[in-house]
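Structural features, examined
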Amino acid sequence: MREQPAEPVAAWFDQHAAPLHRYLSARVGTHDADDLVAQTFLIALRRHETFNPALGEARAWLFGIATNELRHHHRKELRYLRAQSRMLAVEVPTASGDERVVDRLDADAAARRVAADLRLMSAVDRDILLLNAWSDLTLAQIALALDLPPGTVRSRLSRARQALRSAHPQLSDEESS
Amino acid sequence: MISVPRAEWTDEDLDLALARLGAGPEPDLSRLRADLLSGARSNQPAEVQPGRQVSRRRFLRRTGLAAGVAAAAAAALILPTVQWSDSTQPAATVNAAVAQLLNRAADHIKSTDLHVPAGKFLYIREDAWWGAIEQDKYFYVQKNVLETWVPADWHDEWLQKRRFTGDIKWIYGTPADVPVGQLTTLPGPAVMHGACGMWSSDSLNMCSAPGYWSGPTLPWLAAVPTTAGGVYDSLYDESNHEGKSDGTYPSMLLNAASGLKSGLLPSNVRANLYRAMASIPGIKITDTAMDLDGRSGVGFTMTDPRGAGSYQIVIDVNTGTFLGERSLMTQQDGRTPAGTETGRTSVYFSIADKSGHSPAGG
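First things first, this report covers the structure right here in the doc. What you see is a predicted model; the values in this text were computed from it and never measured.

**With respect to the overall build of chain A**
- Across its full length, chain A carries eight helices and zero strands.
- In chain A, the order of α-helices and β-strands from amino to carboxyl end is α-α-α-α-α-α-α-α.
- Residue burial in chain A is summarised as follows: out of 177 residues, 61% are buried.
- Restricting the contact set of chain A to residue pairs at least 6 apart, pairs at least 24 apart contribute 68%.
- Summing over all exposed atoms, chain A offers an accessible surface of approximately 7,500 Å²; the carbon and sulfur share of this is 50%.

Okay, here's the thing in structure tokens:
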């Protein structure tokens, strides 16, 4: 009789759901992250028997599924980034001269800039950059999750970060690998 | 909207900005886990689970929403209670004056709706003042004109032109304080065109993409709720990004305004949207005769609950026409006094015979 798959997936959930949720929340907001996490683990349930631990770790595999599902929410992510760039803008200090408030304003302004630039970045570069920033995956695990050569991940990450740091970013919206 | 001046960043700057952007509360996954595993153990199909969870959250949010508004009603002139039979939300208390004026706007829309004949174009002109700030160094707002020609058949070529007018209002600072080129460089192409509104490969395909309130595509319009209650739920769900309501209600007005500003919502959708907007918690009337670049309308306002700025839209309630929007500072911010207008857009709609040609009076 075929093994009931819920138990290994339950263990995966306990180990990986929280970091996965944090990552997806940062990309599309908590509301949609709930659904994406559920969808990721439901796919994991269905594909459980095809997962080969020898080919990599479960965390990278799950982040790969999640990132693939996230691509179906591409427009939603762009909307979320746009909302971030707009809503962060309306925060103002409660008392002028308060250094912490100024710091927060600076951080918000910087976050708005990043949110705006991320919208113009190719989906693959955005995946690499944000997996690196918002998950604890190593570059090797990111390569595994995205099914890309590690050297490609390294070079694209470097290029994407340089573009975001730049005063005049050259952000490509083309899809290539 | 306020933009951020470009400056070269260090890796540390970038990491801090990414950390700020990605910051969020720790998730509570217990319910999700229970749902998931109970479904798995009974071998239920996977696809039903996420939807079930959304419904439950929606109910809880609505309960919180009603409680919050009821508390506000005790201290303000907020009166009647409405229950949309089709909405999932419990009875919501609404501001009677807001509801009266928005309902009047909804009632008048059909007689003033623009119909685009075959071969002609919906023409939308936005006179937009956008702000740019570097804290305590400079702050100015700059006037832009955006013109869009939407073909009667959306599958045909769309066109958008953008330009600066040269008009600048300084809140503080001088041109010498601004990076070279910033005052004259458009943040994108001056002319964009493409079938189905596809300005670039990353643009929203207005003929086939799923769409949303601020991007009303053909498939989205075909499926948009046909009642005020359904519209409210749809607007709420689109605006709720963080699973909490404090930023959701201002976002609802922003998203509603984006749809209205697009000029692409047909009269029945706009009518339901106006009726739904009356129930956004916190929406208020700023002025019943607000002047927006020479046109007068009723100003509806949402103030950010975190004590920040406010956002206003202006509607001619006697025709149901959306006239524009404004952003204001509600408090002193360094050198920027309370009440400073940080953004403004006046919108004009008409019919154009040819793409690229501005209609008379447009």
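**Details of the packing of aromatic side chains**
- Under the definition given, this model contains 10 aromatic pairs over all chains.
- Seen in terms of ring centroids, B:Tyr138 and B:Tyr140 are 5.8 Å apart; in terms of plane orientation they differ by 25 degrees. Their pairing is stacked. As far as burial versus exposure is concerned, B:Tyr138 and B:Tyr140 are alike and both buried.
- When the centroid spacing of 5.4 Å and the interplanar angle of 80 degrees are considered together, the rings of B:Trp154 and B:Trp158 count as edge-to-face. There is no split in this pair, since B:Trp154 and B:Trp158 are both buried.
- An aromatic cluster of three or more residues is present, and its members are B:Tyr138, B:Tyr140 and B:Trp170.
- The ring of B:Trp9 carries the charged tip of A:Arg113 above its face, separated from the ring centre by 3.7 Å.
- B:Lys169 extends its terminal NZ or CZ atom over the ring of B:Trp129, reaching a point 4.4 Å from the ring centre.

**Let's talk about helix α7 (residues 139–146) of chain A**
Residues and elements named next belong to chain A.
- Burial in α7 covers these residues: Gln141, Ile142, Ala143, Ala145 and Leu146.
- Tucked inside the fold, the buried residues of α7 contact α3 (58–71), α6 (123–134) and α8 (150–165).
- One or two positions beyond α7, positive phi appears at aspartate 147, with a value near 55 degrees.

**Section: the packing of α3(A) against α7(A)**
Residue and element names in this part refer to chain A.
- Look at α3 against α7: their axes get within 8 Å of each other, and the N-to-C directions meet at 50 degrees. Relative to α7, the element α3 is oriented oblique. Where α3 crosses over α7, the handedness of that crossing is right-handed. Contact residues: α3 offers Ala60, Phe63, Gly64, Thr67 and Arg71, while α7 offers Gln141, Leu144, Ala145 and Leu146.
- Here the residues of the contact of α3 with α7 sort into five nonpolar, three polar and one charged.

Here is what the cut-offs are and how they apply
- Each chain has its residues counted from 1, running along the sequence as written.
- For naming, the first written chain is A and the first written ligand is 1, with later ones following in the order written.
- Owing to the predicted nature of the model, reporting of local features is limited to residues with pLDDT of at least 70; listing and counting of side-chain atom pairs is limited to 80 or more, with chain, interface and lining totals taken over all residues.
- Excluded from the side-chain calculations are hydrogens and water; all other atoms, namely the structure's heavy atoms, are used.
- The numbering of helices and of strands both runs from the N terminus, where a helix is a DSSP run of H or I of at least 4 residues and a strand a run of E of at least 2.
- For every residue, the accessible area (1.4 Å probe, protein chains only) is compared with the maximum for its type, and the residue is labelled buried under 20%, exposed over 50%, or partly exposed between those bounds.
- Residue contacts are counted whenever heavy atoms from the two residues lie within 4.5 Å of one another.
- The Shrake-Rupley method, run with a 1.4 Å probe, gives the accessible areas here. Residue values count only the displayed protein chains as cover.
- Note on ring pairs: Phe, Tyr and Trp rings are taken, using the six-membered ring of Trp, and paired if centres are within 6.5 Å. Classes follow the plane angle, with under 30 degrees stacked, over 60 edge-to-face and the rest tilted.
- The rule for a charge over a ring is simple: NZ of Lys or CZ of Arg within 6 Å of the ring centre, and within 35 degrees of the ring normal.
- The convention used is that axes are lines fitted to C-alpha atoms, helices contributing only their stretch in contact, and that angles between N-to-C directions extend from 0 to 180 degrees.
- Throughout this description, any angle smaller than 35 degrees is read as roughly parallel, any larger than 145 degrees as roughly antiparallel, any in the 65 to 115 degree range as roughly perpendicular, and the remainder as oblique.
- Whether a crossing is left-handed or right-handed is set by the direction in which the near helix is turned from the far one by less than a right angle, anticlockwise for left-handed and clockwise for right-handed.
- Amino acid classes used here: Ala, Val, Leu, Ile, Met, Phe, Trp, Tyr, Cys and Pro are nonpolar; Asp, Glu, Lys and Arg are charged; the rest, including Gly, are polar.

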